[in-house]
Amino acid sequence: MDVLSQILRSHSAGAVLLSRCDYREPWGVALESTHTAGLHFVESGSCYLRCGDREPFHLLQGDVAVLPHGSAHVLSDSAHRRAIPLEAFLARPPEPGPYSARVICAAQRFELDPRRLHPLFLELPSVIHLEHATIQSCAHLGP
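In this report, we go over the structure that sits alongside the text. (Residues numbered from 1 in each chain as written. Predicted model: local features only at pLDDT ≥ 70, side-chain atom pairs only at ≥ 80, totals over all residues. Heavy atoms only, no water.)

1. Digging into the state of the cysteines
What the rule picks out here adds up to zero disulfides. Between Cys 47, a cysteine without a disulfide, and Cys 105, which holds the nearest cysteine sulfur, the sulfur-to-sulfur distance is 8.4 Å. A relative accessible area of 0% places Cys 47 in the buried class. Cys 21 provides the cysteine sulfur closest to Cys 105, a residue in no disulfide bond, and the two sulfurs are 5.0 Å apart. Taking the relative accessible area as the measure of exposure, Cys 105 reaches 12% and is therefore buried. (Disulfide = S-S within 2.5 Å. Buried < 20%, exposed > 50% of the residue type's maximum accessible area, 1.4 Å probe, protein only.)

Following this line, the structure appears as structure tokens:
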């Protein structure tokens, strides 16, 4: 087992969440800060991810965004769309019409207490954006 896998396993708290969402315009969903590392994979269409004061990331089909610190963030159909909390978003009836994005979301619960955190976690940025072309060009990222 490689060092990174050992570090991730040692900080894992076990709980995993996986969902696949079809989003129809207009949409914007706000996700709170959590003790989970998040991942969004754009299966089709495109969307924007906003996290803190950073410029929005435009995620295209095949792109992956990893949020290793569980940072609060927004997924939306446009760079500056007003977003509603996840619970309110899920309670709404779906908008009619074709979807503008299909996103697979995953979360892995980690022990993210900074006093116990491995230094590797502290060095990671709040968002890691892997573009589809990068993923395809690296044999280790594809699967």
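Now, onward.
2. Observations concerning the packing of aromatic side chains
A full pass over the atoms with the stated rule returns two aromatic pairs. Here the aromatic rings of Tyr 23 and Trp 27 are separated by 3.9 Å at their centres, their planes lie at 10°, and the arrangement is stacked. Since its relative accessible area comes to 1%, Trp 27 is described here as buried. Seen in terms of ring centroids, Tyr 23 and Phe 89 are 5.7 Å apart; in terms of plane orientation they differ by 45°. Their pairing is tilted. (Phe/Tyr/Trp six-rings, centres within 6.5 Å; stacked < 30°, edge-to-face > 60°.)

3. Some thoughts on the side chain of Asp 63
Tracing the backbone shows Asp 63 in the loop between β4 (57-60) and β5 (64-67). Notably, Asp 63 is buried but unbridged: the nearest opposite-charge side chain belongs to Arg 54, and the N-O separation is 13 Å. A polar atom in the side chain of Asp 63 sits 2.7 Å from the backbone nitrogen of His 132. Dropping the residues within four chain positions of it, Asp 63 is found in contact with His 40, Phe 41, Val 42, His 58, His 129, Leu 130, Glu 131 and His 132. (Helix = DSSP H or I, 4+ residues; strand = E, 2+ residues; numbered from the N terminus. Lys, Arg positive; Asp, Glu negative; His and termini not counted. Salt bridge = Lys/Arg side-chain N within 4 Å of Asp/Glu carboxyl O. Polar contact = N/O pair within 3.5 Å; in protein donor to acceptor, adjacent residues only side chain to side chain. Contact = heavy atoms within 4.5 Å.)

4. Re the environment of Asp 63
Since its relative accessible area comes to 4%, Asp 63 is described here as buried. Taking the C-alpha atoms as reference, Asp 63 lies 4.6 Å from His 132; in sequence the two are 69 residues apart.

5. Notes on the nonpolar core
Formed by 19 residues in total, the largest nonpolar core has its most connected members in Tyr 23, Trp 27, Cys 47, Leu 49, Leu 59 and Leu 75. Those elements that place two or more of their residues in this core are β1 (12-23), β3 (36-50), β4, β5 and β8 (101-110). Those residues in contact with Leu 49, other than ones at most four positions away along the chain, are His 40, Pro 56, Phe 57, Leu 59, Ala 65, Leu 67, His 73, Val 74, Leu 75 and Val 127. (Core = buried A, V, L, I, M, F, W, Y, C linked by side-chain atoms within 4.5 Å.)

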